[in-house]
There are 2 protein chains.
Amino acid sequence: MYGIFSYDIGSPRVGYKHGQQILDLEIVGLLGFFKDLGFDPAVFARPALNQFIALGKPIWQAVGERIRHLLSDDESALNDVRAQVLIHEDRARLHLPVRIGDYTDFYAGIYHAENVGRMFRPNGEPLLPNYRHLPVAYHGRASSIVVSGTPIRRPSGQMSGVDGQPVFGPSQALDFELEVGLIIGKSNPLGEPVPIAEAEDYIFGITLFNDWSARDIQRWEYQPLGPFLGKNFGSSLSAWVVPLIDLEPFRVAGPVQEPTPLPYLQTARDGHFDLQVEVALRPLDGDEMIISRTNTRHLYWSFAQMVAHHTVNGCNLNIGDVLATGTISGPDPGGYGSLLELSWNGNRPLRLSDGSQRTFLQDGDTVTLRGWGNKNGVRIDLDEVTGSILPVFRPAKHPQAIQ
Amino acid sequence: MYGIFSYDIGSPRVGYKHGQQILDLEIVGLLGFFKDLGFDPAVFARPALNQFIALGKPIWQAVGERIRHLLSDDESALNDVRAQVLIHEDRARLHLPVRIGDYTDFYAGIYHAENVGRMFRPNGEPLLPNYRHLPVAYHGRASSIVVSGTPIRRPSGQMSGVDGQPVFGPSQALDFELEVGLIIGKSNPLGEPVPIAEAEDYIFGITLFNDWSARDIQRWEYQPLGPFLGKNFGSSLSAWVVPLIDLEPFRVAGPVQEPTPLPYLQTARDGHFDLQVEVALRPLDGDEMIISRTNTRHLYWSFAQMVAHHTVNGCNLNIGDVLATGTISGPDPGGYGSLLELSWNGNRPLRLSDGSQRTFLQDGDTVTLRGWGNKNGVRIDLDEVTGSILPVFRPAKHPQAIQ
């Protein structure tokens, strides 16, 4: 897993997480361990992965192999410099792994979409007519994406009041969304679609992603142009990016897509991944509890289909862009990926470890998403993305208010 | 008006447009004309306005005054260097004026919103219940914003077919949208709203903005999360940014807002601007025709209200972000700001100068938006944003297809 870290007085640079250790790739590069691979290791001295990613897939592969070799038990090359290049994660400060240009959020979790449809359109079909034909998506806010561990401030905003008149106040329906974020690894020119057969080449890797949502703000604002302030107060990205090429052992077929999508979304190759994901909720003075367990293979649309759809009109993707999947819910209530679904719109409170109940998040709550793959003896860790809720912002009092 | 230009073999730098001349601010700075103003003129050697903007409002004002003084008729300071610092616009190549982090599109044109409501919800109220309570907005795509003059490729995509099944093909309902883009001039920290009384301090200036739209793609995809591929294939920004402080002579009251919005959107100060805007359409082999004339004062929500609303949940704005107003339509059909409205969803074709008809744009059509203020003898030019439609993308044939 690649990420950006700093420690002591050093500036942020690229690291590779290995267990609880972080391999300092800037120093490894300065020591000459990459010098036969034909690239300038100064890319590892940068405060974002973008320059490394821009070197392209053959270099990602070569660097990955070299790192695994250096870290392997029977390799003594690092022995003399171990203390210099391996830093325990407790000493490290973590930073946003990429400089994000644009952020797109899909709606590829079909069980989530069905649950939302059942709650808000109880008399209609759970899925809208376009759902099985295209990966529905909208643009999100890139500026408010923060790295795992950053606290999230409860947003205030307009919401619907009792008599149809809006009221203003702190959100009373603050939620998380369990998602995976794709980190774009290759740019396409504006006007030139990416064919689905090449789509995975445009993905560098994946992260865990929490698309915090204020359901009450969202519900009042979202017609007719979609979510805005109900989402853009903050989204959390994990600090570590798992290269897509490392996920091959977990590749599986996705759900049967019926009706068959249009040709630009068709692919012969299995495009889903068998990765476990879970959500833990910890109240301020209580213990953590796992409140949801599911799997990324429950997504209806594959990563490749998301890239092909996003660019079919010529829209250009750039290195470092984030494409999030949308909420990943499983078919059963134990695998729902948001409190909206877990509490069924506030009607079925969850009981937490400290005896308290939750429909939506309270100040001081900590939400942690985790993920991993485990198959045929191969295990891969997706690390985690975590964040705690801060109370609503109170502006400093004006001098005259103190009088 | 500030922008980014290059000429001959020089690299892009900051210029100030004055009539048909561009004042090369990099050279003016190197010659020492700003040296008493207390900033490093190297900001003018950059390929985007962001660094200059980051110097803050007092410097914007001081630089503006200095430039006006240097360019005034009775000023001879520039005489010896005129040929060195003034470049005719015909020699210049224009670039995107700012490095854009995020782009937000509002829906502040109430006549546009009403027209769309009448067309698509003929049996309901033209405006949705939230419209007069908050400035509806959604996030757009920053990567596909191009500078005026860049051709726009007709997008392909899914749209609704005859039997409810989607079909794939080039958009047959390609449209423009007449908008103004605000260029953000100051950043707020994530989590800290901008009070409306300070909101205009966060706007550096305005541009003309064309939010090209594929209505058929948009109509099929937009439920429930808003526009996506119907918009993100391209948006055009004018090359020149007019500082907001230069618009003071055109400040006017906006429409009466009834019901009164919530306190965070209330301001005692007039927040609208009396600026003429128009749309010209030129077919490939014909003459240009003005197809719409209206005024930015017809927007329902003010610029300050847009900034206050956007940040009320703590969302952070960054220098160089673009906030577009949404389509500006006047109350009368001659002032509608899109072909969707001008042709009333394709039912009333426009007749052009070459005798052809238009419901939506054809390949080779050129759309130019222009704007200006003219009041009490003071005139200000908003320049223009223009773009021509290229035919749909055809991928290069594979070798085997040539056999």
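Provided above is the structure to which this section pertains.
Just so we're clear, the structure is a prediction, and the values are computed from it rather than from any experiment.

Caption draft 1: Quick peek at the overall build of chain A. Secondary structure assignment for chain A yields nine helices and 26 strands. Computed over C-alpha atoms, the radius of gyration of chain A comes to 22 Å, within 12% of the 22 Å expected from 2.2 N^0.38 for 403 residues, which places it in the range of a compact globule. Its C-alpha atoms give chain A principal-axis dimensions of roughly 70 × 65 × 40 Å. Looking at chain A as a whole, 61% of its 403 residues qualify as buried. A sequence separation of at least 24 residues applies to 71% of the contacts in chain A between residues at least 6 apart. As displayed, chain A has an accessible area near 15,700 Å², and 49% of this comes from carbon and sulfur atoms. The positive charge centre, built from 34 side chains, and the negative charge centre, built from 45, are 3 Å apart in chain A.

Caption draft 2: Up close: the relation of the copies chain B and chain A. Overlaying chain B on chain A yields an RMSD of 0.0 Å, the required transformation being a rotation through 180 degrees with an accompanying axial translation of 0.0 Å. The relationship between the two copies is best expressed as a two-fold rotation axis. The C-alpha atom lying nearest the rotation axis in chain B is that of Gly226(B); the distance is 2.1 Å. Interface overlap between copies is the fraction of interface residues in one copy that are interface residues in the other; for chain B against chain A it reaches 100%, indicating a shared surface.

Caption draft 3: Representation of the packing of aromatic side chains in the model. All names here are of chain A. What the rule picks out here adds up to 36 aromatic pairs over all chains. Here the aromatic rings of phenylalanine 52 and phenylalanine 204 are separated by 6.0 Å at their centres, their planes lie at 85 degrees, and the arrangement is edge-to-face. Here phenylalanine 204 lies in strand E14 (residues 203-210) and phenylalanine 52 lies in helix H2 (residues 50-53), a separation of 152 residues in the sequence. A residue is classified by how much of its surface remains accessible, and phenylalanine 204, at 1% relative accessible area, is buried. One aromatic cluster is present, built from ring pairs that chain together Tyr2, Tyr16, Phe34, Phe39, Phe44, Phe52, Trp60 and Phe204. Above the face of the phenylalanine 5 ring, arginine 13 is positioned so that its terminal group lies 5.9 Å from the ring centre.

Caption draft 4: Layout of the interface of chain B and chain A. Chain B puts 56 residues into the contact, and the matching count from chain A is 56 residues. Buried surface at the junction of chain B and chain A, summed over both partners, amounts to about 5,400 Å²; 63% is from carbon and sulfur atoms. For the pair chain B and chain A, the interface holds four salt bridges. For the salt bridge of Asp321(A) with Arg141(B), the shortest nitrogen-to-oxygen distance reads 2.6 Å. Where chain B meets chain A, there are 24 residue pairs in polar contact (both at pLDDT 80 or more). Among the elements of the structure, strand E7 (137-140), strand E10 (156-160), strand E11 (166-170), helix H6 (215-221) and helix H7 (303-311) of chain B are those that each provide at least two residues to the side of chain B that touches chain A. Among the elements that make up the side of chain B that touches chain A, the one with the highest residue count is E7(B) (four residues). For the side of chain B that touches chain A, the per-class residue count stands at 30 nonpolar, 20 polar and six charged.

Caption draft 5: Highlighting the pattern of salt bridges. Residues and elements named next belong to chain A. On inspection of all chains with the given rule, the structure shows 52 salt bridges over all chains. For lysine 17, the salt bridge identified is with aspartate 383, shortest N-O distance 2.7 Å. Residue lysine 17 is found in strand E2 (residues 13-18), and its partner aspartate 383 is found in strand E26 (residues 378-390); the two are separated by 366 residues along the sequence. There is no split in this pair, since lysine 17 and aspartate 383 are both buried. One continuous salt-bridge network, built from bridges that share partners, spans Asp175, Glu177, Asp211, Arg215 and Lys231.

Caption draft 6: Geometry of the nonpolar core. By size, the foremost hydrophobic cluster in this structure holds 174 residues, and its most contacted members are Ile206(A), Phe303(A), Ile206(B) and Phe303(B). Not counting residues within four places of it along the chain, the set of residues in contact with Phe303(B) comprises Val180(B), Leu182(B), Ile203(B), Ile206(B), Leu244(B), Gly271(B), Phe273(B) and Thr325(B).

Caption draft 7: Representation of the environment of Ser187(A) in the model. Residues and elements named next belong to chain A. With respect to the helices, strands and loops of the structure, serine 187 is situated in the loop between strand E13 (178-184) and E14. Considering only alpha carbons, one finds serine 187 and asparagine 318, 131 residues apart in sequence, at a separation of 4.4 Å. One polar contact links serine 187 to asparagine 318, side chain to side chain, over a distance of 3.5 Å. There is a polar contact of 3.3 Å between the side chain of serine 187 and the backbone nitrogen of isoleucine 319.

Caption draft 8: Representation of the sheet that holds strand E25 (residues 366-375) of chain A in the model. Residues and elements named next belong to chain A. Taken in spatial order, the five strands line up as E9-E26-E25-E20-E21 in an open sheet, and their pairing is mixed. The open sheet has two edge strands with one neighbour each: strand E9 (152-153) and strand E21 (289-295). One ladder, built from seven bridges, connects strand E20 (residues 276-282) with E25; its direction is antiparallel. Within E25, the residue paired with glutamate 278 across the bridge is arginine 370.

Caption draft 9: Here's a closer look at helix H5 (residues 110-120) of chain B. Residue and element names in this part refer to chain B. When you tally the buried positions in H5, you get eight out of eleven residues, the bulk of the element. Looking only at H5, the buried set comprises Ile110, His112, Ala113, Glu114, Asn115, Val116, Gly117 and Met119. Looking at the buried side of H5, the elements it contacts are helix H8 (339-342).

Basis of the calculations
- Residues numbered from 1 in each chain as written.
- Chains lettered and ligands numbered in written order.
- Predicted model: local features only at pLDDT ≥ 70, side-chain atom pairs only at ≥ 80, totals over all residues.
- Heavy atoms only, no water.
- Helix = DSSP H or I, 4+ residues; strand = E, 2+ residues; numbered from the N terminus.
- Rg over C-alpha atoms; globule rule 2.2 N^0.38 Å.
- Buried < 20%, exposed > 50% of the residue type's maximum accessible area, 1.4 Å probe, protein only.
- Contact = heavy atoms within 4.5 Å.
- Areas by Shrake-Rupley, 256 points an atom, 1.4 Å probe, with all protein chains shown as cover.
- Lys, Arg positive; Asp, Glu negative; His and termini not counted.
- Charge placed at Lys NZ, Arg CZ, Asp CG, Glu CD.
- Least-squares fit on C-alpha atoms with pLDDT ≥ 70 in both.
- Phe/Tyr/Trp six-rings, centres within 6.5 Å; stacked < 30°, edge-to-face > 60°.
- Lys NZ or Arg CZ within 6 Å of the ring centre and 35° of its normal.
- Buried area = accessible area lost by both parts, 1.4 Å probe.
- Salt bridge = Lys/Arg side-chain N within 4 Å of Asp/Glu carboxyl O.
- Polar contact = N/O pair within 3.5 Å; in protein donor to acceptor, adjacent residues only side chain to side chain.
- Nonpolar A, V, L, I, M, F, W, Y, C, P; charged D, E, K, R; others polar.
- Core = buried A, V, L, I, M, F, W, Y, C linked by side-chain atoms within 4.5 Å.
- Pairing = 2+ DSSP bridges.

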